[in-house]
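A look at the structure
Listed here are the chains, written in short residue letters.
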Amino acid sequence: MSKTRLISIIAAAAAFLAAPDMAGAGAASIEDKAAAPIVRKGSVPVNCIDYYYEIRGEGEPLLLLHGGLGQIEMFTPVMPVFTDHRQVIAVGLQGHGRTPLGNRPIELPDIGADLAVLVKQLGYDKVDVFGYSFGGGVALNMAANAPDRVRRLVILSAPYAQNGFFPEMLPQQAAVGAGMAEMMKDTPMFLSYKAVAPDVSEFPKLLDAMGALMRKPIDYSDAVAKLTMPVMLMYGDADMIRPEHMIDFYHKLGGGLRDAGWMRENMSKNRLAILPDLTHYETFASPLMATMAMTFLDGGGKAPNWAEQVGK
């Protein structure tokens, strides 16, 4: 198998994957801004996993969770948007970036439970949470299991169940494992991992752990039903998630079931955004995405009502 073909399979296969170096498009509009510097960093041991974290900026706290086979740095193109008026707590998820894999399987509910403990240990009572792809699944489970810790939630490019992916991807997901490690040595997935991982020899084990996760027929419908905070779902119009699943997810949150009404009297507190001209491997670096997400997290976004305009 050629390396080009392997990259294609890995990119398509990883249920919650994003290759950090695939993020080039779209960053130019915020290139004149700089992310707030790191003011605090370190590791917090939770349930035998030493989670690495970085804290930047000032303001209301925002927990930022990266995609699978990625790390905190994948948000570099849009980090200035997040740190503009927020204190961002960016965490390396289990086995990713600077956080060691440990000796337990990768399970989204377990990582979500860990993060609820982590934010408390860092001194936060309640945080907004933004999770992309693999991180979106973690964010969903964290919010479901510890709703008292989450004020608002953004889930970007993540399904609530395995059937949310296009069916042709499932066999590719099942193929992910340590056997691919050697041929991935020149890919952005490995190179970005190598740049920060405490033990690079764990990369094959990480592939095995992610492959094991993706082979499970997961369905977090019960977790969706436990979400009590405002939620925004965001996807690219060319995402790896089926459009029908995006709508179904929104329906499960009570959105899109009826007209909102003249005065928004039937308006859901939850939101759905399908962004144009974006694939799964680009949504996390989109300035449009970051701006829309922050507008929601800040509690804004309502356009002027026609009746309000006429009544002025």
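As the structure is a computational prediction, the values presented were derived from the model and not from experiment.

This brings us to the layout of surface pockets. Within this model, the largest pocket holds a volume of roughly 280 Å³. Around the largest pocket, the lining comprises 16 residues; the ones closest to its centre are Arg-271, Phe-296, Gly-300, Gly-301 and Lys-302. For the lining of the largest pocket, the residue count by class is 7 nonpolar, 4 polar and 5 charged.

This part is about the nonpolar core. With 71 residues, the main nonpolar core has Leu-63, Leu-115 and Leu-153 as its most contacted residues. If we skip the residues at most four places from it in the chain, Leu-63 touches Ile-89, Val-91, Leu-115, Val-119, Val-127, Asp-128, Val-129, Phe-130 and Met-142. The next biggest cluster of nonpolar side chains, apart from the first, holds 29 residues, and it includes Met-74, Val-154, Leu-278 and Phe-284.

Another aspect to go through is the pairing of strand β2 (residues 49-56). With respect to burial, β2 is a largely interior element, 7 of its 8 residues being buried. Relative to β2, strand β1 (residues 38-46) runs antiparallel, the two being bridged by 8 bridges. Its bridge partner being in β2, Lys-41 is matched across the sheet by Glu-54. With 4 bridges joining them, β2 and strand β4 (residues 86-91) adopt antiparallel strand pairing. Note that in β4 the partner of Tyr-53 across the bridge is Val-91.

With 6 of its 6 residues buried, strand β5 (residues 127-132) lies for the most part within the structure. Neither face of β5 is exposed, since Val-127, Val-129 and Gly-131 on one face and Asp-128, Phe-130 and Tyr-132 on the opposite face are all buried. Where strand β3 (residues 60-65) meets β5, 4 bridges bridge the pair, whose relative direction is parallel. By the bridge assignment for β5, Leu-62 is matched with Asp-128. You can see the chain leave β5, run along helix α4 (residues 134-145) and come back into strand β6 (residues 150-156), and the turn it takes is right-handed.

Our focus in this paragraph is the packing of aromatic side chains. The tally for this structure, following the rule as stated, stands at 7 aromatic pairs. Between Phe-75 and Phe-82 the ring centres are 6.2 Å apart and the planes differ by 90°, which places this aromatic pair in the edge-to-face class. Note on accessibility: Phe-75 and Phe-82 belong to one class, buried. For the pair Phe-82 and Phe-130, a centre-to-centre distance of 5.3 Å together with 55° between the ring planes defines the contact as tilted. Residue Phe-82 is found in helix α2 (residues 79-83), and its partner Phe-130 is found in strand β5; the two are separated by 48 residues along the sequence. The pair formed by Phe-82 and Phe-130 is uniform in burial state, with each residue classed as buried. The structure contains a cluster of three or more aromatic residues connected by ring pairs, namely Phe-75, Phe-82 and Phe-130. Its guanidinium or amino end placed over the ring of Phe-190, Lys-185 lies 5.5 Å from that ring's centre, counting from NZ or CZ.

The rules behind each value
- Residues numbered from 1 in each chain as written.
- Predicted model: local features only at pLDDT ≥ 70, side-chain atom pairs only at ≥ 80, totals over all residues.
- Heavy atoms only, no water.
- 1 Å grid on protein atoms, 1.4 Å probe; cavity = no way out; pocket = protein on both sides within 12 Å on 5 of 7 lines; lining within 4 Å.
- Points joined across faces, edges and corners; volume = space filled by probe spheres on them.
- Nonpolar A, V, L, I, M, F, W, Y, C, P; charged D, E, K, R; others polar.
- Core = buried A, V, L, I, M, F, W, Y, C linked by side-chain atoms within 4.5 Å.
- Buried < 20%, exposed > 50% of the residue type's maximum accessible area, 1.4 Å probe, protein only.
- Contact = heavy atoms within 4.5 Å.
- Helix = DSSP H or I, 4+ residues; strand = E, 2+ residues; numbered from the N terminus.
- Pairing = 2+ DSSP bridges.
- Right-handed = clockwise from strand over helix to strand, strands pointing away.
- Phe/Tyr/Trp six-rings, centres within 6.5 Å; stacked < 30°, edge-to-face > 60°.
- Lys NZ or Arg CZ within 6 Å of the ring centre and 35° of its normal.

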